[in-house]
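# Survey of secondary and tertiary structure
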Amino acid sequence: YDDLLTLYYGNRLIGNNFELFEGQRYNDLSERRMREKQSFSFIGGGDVREPSIIIKNFDGSFVNKFKYTKSYLEKKYMPNTFLPYAKDSLTSLVSEYYDEESEIIYRRIYSVFKDSDIIAVNCEIENFSNHAIHVLSASSVTLDLEGTDYDLTTFSGAWGRERWRTTNKIKNGIFINDSKTGSSSPYRNPFIMLKRNGIGNSFYAFNLIYSGSHKESVEQFSYNNTRVNVGINDFCFDYILSCGETFILPQALMIYSESENDITKQMHYFVNNNIIPCAKRGCPRPIVYNSWESVYFNFTEDKLIGLAEKAKALGIELFVLDDGWFRDDDKSNLGDWNVCKSKFKNGLADFAKRIHGLGLKFGLWFEPESISEKSELYNSHPDYAMVVPRKTPIRIRNQLLLDLTNDSVTEYLYGIISDIVEKVKLDYIKWDFNRYMTDRYSPVCCNNGEYEYRYYCGLYKLLKKITDRFPNLIIESCASGGSRFDLGMLSFSSYIWCSDNTDARERIFIQEGTLCGYPQSVLSAHVSASPNHQTGNKTSIENRFNIAAVGCLGYELDFDKCSETELDGIKRQIAFYKRYIELLQFGEFLKIGSAYEDDLFGYMTVSDNKRTAICVVIKLCDCGELGINDFPFRFAGLSPNIEYNVCIRNQVNKEKISGFRAYGQDLCSYGVKIGKLLKETDRENNSNSIRSVIFVFESIECLPSDEKKR
Ligand code: GLA
């Protein structure tokens, strides 16, 4: 036969009796193509389901006749592209198909990694003919699954409501999770999970290493089978592949597991070890002070220095000056990156020196990909803006995007940003992106169907140049909050601002959704003011901390407006966080219950040797609670044989609670009654109706055998 089937995708196998997996084979080509589990599908092959690629050939037809030719192993596969790929692959299996009539080679590449069950998949299309062809659609992976009873979990929402978890039953038809915004978007994240119902527990998850418009389709078909395609969106897509040229697609990740917790664990490990920049692997993210929700555009240098002094005294490590250092409102100056002389009389380098002098790292906000029409850059280079000549562009937040398909634009940005990093001695950049694409056009990128793909190649090339030159520079990615939370941006950043919604209760849902596919170490979470600026809800400083401590901690409120009690609380919070920073950011994450289903639930993080663990226990309070039973809360992930010293973080809004000792076995089987522990002394400050407490588990001794179990 001329095709390559996915005979099996599941747990690792021990033997190699592959005959076991051979199902029924069909003689009729089209039956074969639609009933057997294909790994590659195209028009003209007899399969009428969603294909892996659509090519418009030189003869005007959409028909291809690919035949499987060979497979081979390649060590350290490294395609010639600016797209980011998962780092440190061990080996790759390359499978080739050839269309003899059209002279096109299709390569599907499966890469595997040390200590990981994740497979990274991508493909290359090489045109050997003497004519140009059009690639109209191309997904990075096609996976055919058995059966039709699947639940699909996606992470969707909007600004301020990013990555809420939603589960839908797949029905006959095609379910598409996608983005057409020119970014991975807050609407639908590229991370998806499928659960097969019925036989055993089978979970499949996928993600794409790409930050632009993406598309994940799940097609339930009529022969008791289901197909998944994951890749860039074919929306407005038409790549002209000239003779001799190879088109390279982004890499998709896929994983199979028997539990959702394991999917999360594997994804976390992979992001920490194979996605984020090598120089940042395992490095704790510093505790940040960010000026945005504290002072917005209205500040003086003295006000900032005052805040920085307080931040330092409280234990903060990095001072970030957000928007406002080069303008007084959001209507102008994007693109110029000239400091506002009226705010910083002696310039930015001098201000940075003062911050560094306090013993703090210093960071600045940028929105490199945008341009204001009220700017010097626009006056001198209107052609740098992403607009279609003679058509009025859509302005979002008063701004346009820059045309990153144009090398002169990326060179300009590289020059201006690296100059500031060097002169100001920046330790950190917040890389924001506050609008989506509406008017895709470029005078230099002649074929508009390649626009987005080339835009992201330009962006990644720029980010690579900057991170290669400044490997220690910390980049926090951001896009109106968490509107571009994806593996593409993470390939160049340490973490991503999770959401502009800093309301503790709402953040729980955003963070829980995000943590399904992304680790704590890349989730940036700040304690902000109460009442919250987005929702108006009030929550105690301790609840705000307990929820931010699930990710990478920062503060984003005006310390000058905090009470002494709050400042005292903050100081203790930071000391606590610093003590357990590695555990909180890199420990194994386990969900106990879920904010989406339970009113009492917990987020556990456990060290590799299980000798230390932390659990943030949260109660969502609504009406009808008085007099209900206080059943014990059961922990998870602790070692049964270890006796732990259990203590509860000392909070300013709770009476001091003393610790106790217990075995992991007992803590996970019986648990701890929690009702009393959640009582607060300042209930009037809590219109948000959440209560929370942090448990710390530290081993006393390790019992040698099971006999000593109680
Ligand atoms: C976006 C970000 C915010 C802040 C503002 C500044 O909205 O998400 O955190 O940086 O821009 O304009």
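All values derive from a computational prediction rather than experimental measurement. Here, residues in each chain are numbered from 1, in the same order as that chain's written sequence. pLDDT decides what is reported in this predicted model: residues at 70 or higher carry local features, side-chain atom pairs at 80 or more are listed and counted, and totals for whole chains, interfaces and linings draw on all residues regardless. Excluding hydrogens and water, the side-chain values take into account all heavy atoms of the structure.

### Side note on the pairing of strand β6 (residues 133-146)
Three exposure classes are used, based on accessible area relative to the maximum for each residue type with a 1.4 Å probe and protein chains only: buried under 20%, partly exposed in between, and exposed over 50%. Where helices and strands are cited, they refer to DSSP runs of H or I of at least four residues and of E of at least two residues respectively, numbered from the N terminus. Counting buried residues in β6 gives 11 out of 14 residues, a clear majority hidden from the surface. Here the rule is simple: two strands pair whenever DSSP picks up at least two bridges between them. The pairing of strand β1 (residues 53-56) with β6 spans four bridges and is classified as antiparallel. What sits directly across from Ile-54, in β6, is Ser-137. Summarising the sheet, β6 and strand β14 (residues 239-241) pair through three bridges and their orientation is antiparallel. Across the sheet, residue Ile-133 finds its bridge partner in β14, namely Leu-241. Where β6 meets strand β13 (residues 225-232), seven bridges bridge the pair, whose relative direction is antiparallel. When the sheet's bridge partners are listed, Thr-142 is paired in β13 with Asn-229.

### Quick notes on the site of the ligand
Not every one of the 13 residues close to the ligand is listed here, only the nearest: Asp-322, Asp-323, Arg-397, Gly-481 and Asp-500. Separating an oxygen atom of the ligand from a side-chain N or O atom of Arg-397 is a distance of 2.8 Å. A 3.5 Å cut-off defines polar contacts: any pair of N or O atoms within that distance qualifies, except that in protein one atom must be a possible hydrogen donor and the other a possible acceptor, and neighbouring residues in sequence count only when both atoms are side-chain atoms. Note that an oxygen atom of the ligand is positioned 3.5 Å from one of the side-chain N or O atoms of Trp-497. Note on areas: these come from Shrake-Rupley sampling with a 1.4 Å probe, and a residue is covered only by the protein chains present in the view. Against a free-state accessible area of 310 Å², the protein chains account for coverage of 95% of the ligand. In the shell around the ligand, the residues fall into four nonpolar, three polar and six charged. Being near a molecule or strand, for a residue, means having at least one of its heavy atoms within 4 Å of it. In this count, Pro and Cys sit with the nonpolar residues alongside Ala, Val, Leu, Ile, Met, Phe, Trp and Tyr, while Asp, Glu, Lys and Arg are called charged and the others, Gly among them, polar.

### Remarks on the environment of Lys-654
One can find Lys-654 in the loop between β31 (642-648) and β32 (660-663). When the C-alpha atoms of Lys-654 and Glu-680 are compared, they prove to be 5.2 Å apart, with 26 residues separating the residues in sequence. The residues touching Lys-654, leaving out its near neighbours within four places in the chain, are Leu-677, Leu-678, Lys-679, Glu-680, Thr-681 and Ser-692. In this structure the side chain of Lys-654 is engaged in a polar contact, spanning 2.9 Å, whose partner is the backbone oxygen of Ser-692. Residues are treated as being in contact if the distance between any of their heavy atoms lies within 4.5 Å.

### Overview of the pattern of salt bridges
Once their charged atoms are close, side chains differing in charge can pair, the charge on each being opposite to the other. Take a side-chain nitrogen of Lys or Arg and a carboxyl oxygen of Asp or Glu: if they are within 4 Å of each other, that pair is a salt bridge. This model, assessed by the stated rule, comprises 48 salt bridges. One salt bridge connects Asp-47 with Arg-49, and the closest N-O pair in it is separated by 3.1 Å. There is no split in this pair, since Asp-47 and Arg-49 are both buried. A salt bridge links Arg-327 to Asp-323, with the shortest nitrogen-to-oxygen separation between them at 2.8 Å. A residue is classified by how much of its surface remains accessible, and Asp-323, at 1% relative accessible area, is buried. Connected via shared salt-bridge partners are Lys-303, Lys-310, Asp-558, Asp-560 and Lys-561.

### Let's talk about unusual backbone geometry
Cis geometry marks the peptide bond from Ser-530 to Pro-531; its omega dihedral reads -5°. Mapped onto the elements, Pro-531 comes out in the loop between β25 (523-528) and α11 (541-548). Backbone geometry at Arg-397 places phi at a positive 50°, although glycine is not the residue there. The topology assignment puts Arg-397 in the loop between α6 (376-380) and β21 (399-401). Even without glycine at this site, Asn-398 takes up a positive phi of about 60°. What makes Asn-398 partly exposed here is its relative accessible area of 34%.

### Some remarks on the nonpolar core
By size, the foremost hydrophobic cluster in this structure holds 188 residues, and its most contacted members are Phe-247, Trp-325, Tyr-555 and Phe-559. Counting residues per element, this core draws most heavily on helix α8 (residues 451-469), at 10 residues. Other than its neighbours up to four places away in sequence, Phe-247 contacts Cys-123, Glu-124, Ile-125, Val-135, Ala-138, Ile-232, Phe-237, Tyr-239, Leu-241 and Tyr-453. The definition of a nonpolar core used throughout is a set of buried Ala, Val, Leu, Ile, Met, Phe, Trp, Tyr and Cys residues joined through side-chain atoms within 4.5 Å. If you look at the next biggest cluster of nonpolar residues, it comprises 23 residues, including Ile-592, Cys-615, Phe-633 and Leu-638.

### Observations concerning the sheet that holds strand β22 (residues 428-431)
Strand order in the closed barrel formed by eight strands is β17-β18-β19-β22-β23-β24-β25-β26, with parallel pairing between adjacent strands. Going across the sheet, the axis of each strand differs from the next one's by a mean of 30°, ignoring polarity. Summarising the sheet, strand β17 (residues 288-290) and strand β18 (residues 318-321) pair through three bridges and their orientation is parallel. Across the sheet, Asn-290 pairs through a bridge with Val-320, a residue of β18. Here an angle of 0 to 180 degrees is reported between the N-to-C directions of two axes, which are lines fitted to C-alpha atoms, with helices fitted over the stretch in contact. Contacts between helix α7 (residues 407-424) and the sheet are confined to β19 (361-366) and β22, with β19 contributing the most and set at about 160° to the helix. The strands touched by α8 within the sheet are β22 and β23 (474-477), with β22 carrying the most contacts at an inclination of about 170°.

Distances and angles like these do not, on their own, reveal function.
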